[in-house]
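# What the coordinates show
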Amino acid sequence: MKDSGRSAARMGSQVLQLMQNTGHAMFMLLEAIYFTRYVFSKRSRGETLVQLYITGIKSLAVITVVAMFTGMILALQTGLELRRYGQEVYIGSAVAVSMIREMGPFMTGLIIAASVGSAIAAQIGTMTVSEEIAALEVMSINPNRFLVMPRLVALVVMMPILTVYTNILGIFGGGVVGATQLGVSMQAYMDNATQFATNKDLYVGLLKAAIFGAVIATVACHQGFMTTEGAVGVGKATRRSVIISFLVILVLGYMITRMFYI
Amino acid sequence: MIRFENVTKKLGGKTVLNDISFEVGEGETFVIVGLSGAGKSVTLKHMIRLMVPNSGNVVIDGETINGLSRAALREVRTKFGVLFQSSALLQWMSVIDNIALPLREHTRMGEEEILQKVDEKLRMLNLGDAGDKFPADLSGGMQKRVGLARAIIMNPKIVLYDEPTSGLDPVTSRRIDDLIVGMRKELGITSVVVTHDLHSALAIGSRIMMLHKGHIVENATPEEFIRSKDETVQSFLEAQYITKKGKWEKVGHE
Ligand SMILES: Nc1ncnc2c1ncn2[C@@H]1O[C@H](COP(=O)(O)OP(=O)(O)OP(=O)(O)O)[C@@H](O)[C@H]1O
Ligand SMILES: [Mg+2]
């Protein structure tokens, strides 16, 4: 009895903690959005360019491989199934639609969360435990403008661009599998793909990508700021930022699809 | 100038500051000593509202800063320059960019003027050729001096030093002590210095305050401090080979 009371209290305080953290993160995000009006100012544009570069370039190699294989797997999976009905040619639309709508933003989001997001959490976490954030505050330099805003802008801008890249490579990868394994010519594959994928699919996919970018930036920066207990804490913050980003991307991805297609 | 009124601060279930009151006057070189974990850094952090007391007030220039709005807090903070215990330099910026940061953020100075100001500080702190290096490539002592240059680049009225000389060689330590003294003499700057080095505390301090287990066990002039009856103070003095009749050179407040 006493025990269950205590664990209920603990759970209560954990829920409270979670809500408080979410509140902090939201406040940080809103303030960073407000500060985007300074993105072209002399003080901020340098850092924004650096972040754009880091976000765009850092994971290109991984994204290339993952995108190709995602398309290839999709083509192979659906192709084998469709072949039973003699409809192999439809892998074009199957791959294109699921890449553009779901897999493109999703895969890109996971990779960027694991690479760029974790690096942001580690960097800001290190800054927090070595008093650099405190130093910024004392100098009246708002960390949400100085650090969060450029990262937010970089991720929101680069995620859709990288997603388009992922989509193109994925669709191409699917086409290669179609041509070599399923006897669907590249021409027929592309015709089928462009016939069924709609502009709406593209817009929804890109919207998702941009939102995922904001999620990754918010979670990573927030976890960085919350870091305590030195180098160990930085490791924890990095890991938490990746896990939380993954979860939020999954849930939001589902909800956005639901919102636009049901 | 800085006044603590019955400040109590609990951190992680522990009372780090227990009902502390003291005052730092204008032009003072106020030294805070105490064992590791005594709450010295926590005390400094309260002065610039990086921490807020659980109860009690921190008053800066007659203004209670506990509940200040952001804009007012900003105003208060411009009075301060802070040298953090860990130097707190931004790792991805060169020494020059680190020192120039407050100027670039808060003034409309042209690049030429900024670089000239930075250069002035670099020479003052004997960092002549370190300008293009990055913090990670500097020794601990050099990082401290860069941190100090950044702290004073906006000409603050009050400078807080958290262990400015720990880990430095005696000659460099002495130079930093001289600098603290010089800034008071030439610019009238008020200093609060946290240090473990009692010799330096006695030499430069106008007052020395010792913290122990959340309490102030002594707050006195250097002359009174070494004659303190308090046991913790005495053992602290003895640990650094300073006796009641000990002699030392005074450079700050003769
Ligand atoms: N953010 C914090 N959260 C929890 N506890 C803290 C925090 N900051 C400081 N403390 C605790 O407060 C106490 C005093 O810390 P403080 O950093 O002021 O010590 P100090 O006197 O500066 O010691 P040192 O000479 O080692 O720097 C320590 O026990 C420390 O563990
Ligand atoms: Mg300390």
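Residues numbered from 1 in each chain as written. Chains lettered and ligands numbered in written order. Predicted model: local features only at pLDDT ≥ 70, side-chain atom pairs only at ≥ 80, totals over all residues. Heavy atoms only, no water.

## Observations concerning the overall build of chain A
A count of helices and strands for chain A gives nine helices and zero strands. For chain A, the succession of helices and strands along the chain, N to C, is α-α-α-α-α-α-α-α-α. C-alpha extents for chain A along the principal axes are approximately 65 × 60 × 35 Å. Counting every position in chain A, which comprises 262 residues, the buried fraction comes to 47%. By sequence separation, contacts in chain A at least 24 residues apart represent 85% of the contacts at least 6 residues apart. For chain A, the exposed surface amounts to about 12900 Å²; the carbon and sulfur share of it is 70%. (Helix = DSSP H or I, 4+ residues; strand = E, 2+ residues; numbered from the N terminus. Buried < 20%, exposed > 50% of the residue type's maximum accessible area, 1.4 Å probe, protein only. Contact = heavy atoms within 4.5 Å. Areas by Shrake-Rupley, 256 points an atom, 1.4 Å probe, with all protein chains shown as cover.)

## Section: the overall build of chain B
Looking only at helices and strands, one finds nine helices and ten strands in chain B. In terms of C-alpha radius of gyration, chain B reaches 18 Å, essentially the compact-globule figure of 18 Å for 254 residues. Considered along the principal axes of its C-alpha atoms, chain B spans approximately 55 × 45 × 35 Å. For chain B, buried positions account for 55% of its 254 residues. Taking as baseline every contact in chain B between residues at least 6 positions apart, the subset at least 24 positions apart corresponds to 65%. Carbon and sulfur atoms make up 48% of the accessible area of chain B, which amounts to about 11400 Å² in all. Separation of charge centres in chain B, based on 33 positive and 33 negative side chains, amounts to 4 Å. (Rg over C-alpha atoms; globule rule 2.2 N^0.38 Å. Lys, Arg positive; Asp, Glu negative; His and termini not counted. Charge placed at Lys NZ, Arg CZ, Asp CG, Glu CD.)

## Comments concerning the environment of Gln223 of chain A
Residues and elements named next belong to chain A. Topologically, Gln223 is positioned in helix α8 (residues 199–225). Residues Gln223 and Ile124, 99 residues apart in the sequence, show an inter-C-alpha distance of 8.3 Å. Discounting chain neighbours no more than four positions away, the residues touching Gln223 are Ala237, Arg240, Ser241 and Ile244. A polar contact of 2.9 Å, which involves the side chain of Gln223, links it to the side chain of Arg240. (Polar contact = N/O pair within 3.5 Å; in protein donor to acceptor, adjacent residues only side chain to side chain.)

## Looking at unusual backbone geometry
Positive phi, normally seen in glycine, also occurs at Glu131 of chain A, with a value near 70°. When you line up the elements, Glu131 of chain A lands in the loop between α4 (91–129) and α5 (132–138). Phi at Asn126 of chain B is positive, roughly 55°, even though this residue is not glycine. Here Asn126 of chain B is to be found in the loop between α4 (111–124) and α5 (140–152). For Asn126 of chain B, a relative accessible area of 46% puts it in the partly exposed group.

## Comments concerning the pairing of strand β6 (residues 80–83) of chain B
Residue and element names in this part refer to chain B. Residues of β6 alternate between two faces, with Phe80 and Val82 on one and Gly81 and Leu83 on the opposite face, all of them buried. When β6 meets strand β7 (residues 158–162), the two strands line up parallel, connected through four bridges. By the bridge assignment, Phe80 is partnered in β7 with Ile158. (Pairing = 2+ DSSP bridges.)

## Here we look at the side chain of Thr238 of chain A
All names here are of chain A. Position of Thr238 relative to the elements: it lies in helix α9 (residues 230–261). Judged by relative accessible area, which is 17%, Thr238 ranks as buried. Apart from the residues within four sequence positions on either side, Thr238 is in contact with Ser118, Ala121 and Ala122.

## Comments concerning the nonpolar core
Formed by 72 residues in total, the largest nonpolar core has its most connected members in Leu136 of chain A together with Ile2, Met47, Phe80, Leu160 and Val192 of chain B. For Leu136 of chain A, the contacting residues outside a window of four places in its chain are Met127, Ile141, Phe146 and Leu147 of chain A together with Leu90 and Leu101 of chain B. In this structure, Leu122, Val181, Leu202 and Ile208 of chain B belong to the second largest nonpolar core, which totals 46 residues. (Core = buried A, V, L, I, M, F, W, Y, C linked by side-chain atoms within 4.5 Å.)

## So, the coordination of the magnesium ion (ligand 2)
The magnesium ion (ligand 2) binds to the protein through Ser41 of chain B (OG) and Gln85 of chain B (OE1), with metal-donor distances spanning 1.9 to 2.3 Å. Here Ser41 of chain B, found in helix α1 (residues 40–47), pairs with Gln85 of chain B, found in the loop between β6 and α3 (95–106); they are 44 residues apart in sequence, far enough to count as distant. (Donors = N, O, S within 2.8 Å, 3.2 Å for Na, K, Ca; no water.)

## Side note on the site of ligand 1
Residue and element names in this part refer to chain B. Taken together, 15 residues surround ligand 1, and among them Lys14, Ser36, Gly37, Lys40 and Ser41 come closest. A distance of 2.7 Å separates an oxygen atom of ligand 1 from a polar atom in the side chain of Ser41. In this structure, an oxygen atom belonging to ligand 1 sits 2.9 Å away from a main-chain N or O atom of Val42. In the complex, the protein chains occlude 64% of the 630 Å² of accessible area that ligand 1 would expose alone. Among the elements of the structure, β2 (14–24) and α1 are those that each provide at least two residues to the shell around ligand 1. For the shell around ligand 1, the element with the most residues is α1, which contributes three residues. (Near = heavy atom within 4 Å.)

## Concerning the packing of α5 of chain B against helix α6 (residues 170–187) of chain B
Residues and elements named next belong to chain B. Close contact between α5 and α6 brings their axes to 12 Å; oriented N to C, the two are set at 10°. Between α5 and α6, the angle falls in the class roughly parallel. Contacts between α5 and α6 involve Arg145, Leu148 and Ile152 on the former and, on the latter, Thr172, Arg175, Ile176, Leu179 and Met183. Broken down by class, the residue content of the contact of α5 with α6 amounts to five nonpolar, one polar and two charged. (Axes fitted to C-alpha atoms, helices over the stretch in contact; angles between N-to-C directions. Parallel < 35°, antiparallel > 145°, perpendicular 65-115°, else oblique. Nonpolar A, V, L, I, M, F, W, Y, C, P; charged D, E, K, R; others polar.)

## A short note on the pairing of strand β4 (residues 55–60) of chain B
All names here are of chain B. Sheet topology note: the strand β1 (residues 2–11)/β4 ladder contains five bridges and is antiparallel. Each bridged residue has a counterpart across the sheet, and for Ile2 the counterpart in β4 is Ile60. Counting the residues that bridge the hairpin from β4 to strand β5 (residues 63–64) gives two residues, and of these Asp61 lies at a positive phi of roughly 50°.

## Quick look at the interface of chain B and chain A
Counting residues at the interface gives 22 residues for chain B and 21 residues for chain A. Along the contact surface separating chain B from chain A lie four salt bridges. When the shortest N-O distance is used, the salt bridge between Glu105 of chain B and Arg145 of chain A registers 2.7 Å. Taken together, the links from chain B to chain A amount to nine residue pairs in polar contact (both at pLDDT 80 or more). With five residues, α3 of chain B is the largest single contributor of residues to the side of chain B that touches chain A. (Salt bridge = Lys/Arg side-chain N within 4 Å of Asp/Glu carboxyl O.)

So far we have only geometry, and geometry alone does not tell us how the molecule works.
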